[in-house]
Amino acid sequence: MSEEIIDLKDVLERVQDDKELLSELFDIYQEDFVVKRKAIGEAIAAKDIPKIKEVAHSMKGSSGNISAKPLHAACLQLEVLAKAGKTDGMQDVLTSIDGYFEEIKIYAARFKKELAG
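Summarised in this report is the structure supplied together with it. (Residues numbered from 1 in each chain as written. Predicted model: local features only at pLDDT ≥ 70, side-chain atom pairs only at ≥ 80, totals over all residues. Heavy atoms only, no water.)

**What about the packing of helix 2 (residues 19-45) against helix 3 (residues 49-65)?**
Now for step 1: At a minimum axis separation of 9 Å, helix 2 and helix 3 run at an interaxial angle of 155 degrees. As far as their axial angle goes, helix 3 and helix 2 are roughly antiparallel. For the pair helix 2 and helix 3, the crossing hand works out as left-handed. Each of Tyr-29, Asp-32, Phe-33, Lys-36, Ala-39, Ile-40, Ala-43 and Ile-44 in helix 2 lies in contact with helix 3, whose residues at this interface are Lys-51, Ile-52, Val-55, Ala-56, Ser-58, Met-59, Ser-62 and Ser-63.
Now for step 2: Partitioned by chemical class, the residues of the contact of helix 2 with helix 3 number ten nonpolar, three polar and three charged. (Axes fitted to C-alpha atoms, helices over the stretch in contact; angles between N-to-C directions. Helix = DSSP H or I, 4+ residues; strand = E, 2+ residues; numbered from the N terminus. Parallel < 35°, antiparallel > 145°, perpendicular 65-115°, else oblique. Left-handed = near helix turned anticlockwise from the far one by under 90°. Contact = heavy atoms within 4.5 Å. Nonpolar A, V, L, I, M, F, W, Y, C, P; charged D, E, K, R; others polar.)

And the structure:
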């Protein structure tokens with residue numbers, strides 16, 4: 001992968017180098033993501049464009065807050081498709097989002113381990 005799943009330098013600037021806080025943010029992000037992922041999956045299945053826009057926008061924001069740049073970009077792509085009223089291709093973007101989230105979980109676990117280290 002050419003781009004790191006989390007831009008650590010960027011996110012540490014956001015939290016003023018507070019690694020404990022960042023570790024907590026990763027936990028909160030993951031819990032929140034699971035809820036939003038379920039909601040967006042249901043919205044896509046129902047072709048509920050307003051709900052897709054709302055949830056994609058929220059996921060984009062929270063991903064940006066932890067500097068998860070590839071995931072942020074994928075959520076933006078989903079939001080753009082929804083704004084255009086196009087559901088074609090959303091499932092592919094969702095597959096990418098799921099892959100990025102798996103990488104974030106691994107990254108967060110490693111970060112926590114190093115912090116405890």
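From this point, the discussion proceeds with the structure in view.
**As for the nonpolar core**
Now for step 1: Counting residues in hydrophobic clusters, the biggest one holds 34 residues, and the most contacted among them are Ile-6, Ile-40, Leu-78 and Ile-97.
Now for step 2: Elements that contribute at least two residues to this core include exactly helix 1 (8-14), helix 2, helix 3, helix 4 (69-83) and helix 5 (90-116).
Now for step 3: The element that contributes the greatest number of residues to this core is helix 5, accounting for nine residues. (Core = buried A, V, L, I, M, F, W, Y, C linked by side-chain atoms within 4.5 Å. Buried < 20%, exposed > 50% of the residue type's maximum accessible area, 1.4 Å probe, protein only.)

**Quick word on helix 2**
In an α-helix, one turn spans 3.6 residues; hence positions three or four apart end up facing the same way.
Now for step 1: With 27 residues, helix 2 should cover 39 Å at 1.5 Å per step; its first-to-last C-alpha distance of 38 Å lies within 8% of that length.
Now for step 2: Here helix 2 has its buried residues at Leu-22, Ser-23, Phe-26, Tyr-29, Gln-30, Phe-33, Lys-36, Arg-37, Ile-40, Ala-43 and Ile-44.
Now for step 3: Where helix 2 is buried, its residues touch helix 1, helix 3, helix 4 and helix 5.
Now for step 4: The first or second residue beyond helix 2 is Lys-47, which carries a positive phi of 55 degrees. (Expected span 1.5 Å × (residues − 1).)

**Describing the packing of aromatic side chains**
Now for step 1: The full count for this structure, using the stated rule, is five aromatic pairs.
Now for step 2: Each ring, one from Phe-26 and one from Phe-111, has its centre 5.5 Å from the other, and the planes form 85 degrees; the classification is edge-to-face. A residue pair is termed long-range when its members are at least 10 positions apart, and Phe-26 in helix 2 and Phe-111 in helix 5 qualify at 85 residues. Comparing Phe-26 with Phe-111 shows no difference in burial state: the two are buried.
Now for step 3: Seen from their ring centres, Phe-33 and Phe-101 are 3.8 Å apart, and the 15 degrees between their planes marks the pair as stacked. (Phe/Tyr/Trp six-rings, centres within 6.5 Å; stacked < 30°, edge-to-face > 60°.)

**A word on the pattern of salt bridges**
Now for step 1: According to the stated counting rule, one finds eleven salt bridges in the structure shown.
Now for step 2: A salt bridge links Lys-112 to Asp-27, with the nearest nitrogen and oxygen atoms 2.5 Å apart. In this pair, Lys-112 is assigned in helix 5 and Asp-27 in helix 2, connecting sequence segments 85 residues apart.
Now for step 3: Lys-112 sits in the partly exposed class, given a relative accessible area of 33%.
Now for step 4: Residue Asp-27 is classed as partly exposed on the basis of its relative accessible area, which comes to 30%.
Now for step 5: Glu-102 serves as the salt-bridge partner of Lys-105, at 3.1 Å between the closest nitrogen and oxygen. Note that Lys-105 and Glu-102 are positioned in helix 5 at a spacing of three residues, about one turn of the helix.
Now for step 6: Classification of Lys-105 as partly exposed rests on a relative accessible area of 32%. (Salt bridge = Lys/Arg side-chain N within 4 Å of Asp/Glu carboxyl O.)

Any link to function would need more than the numbers given here.
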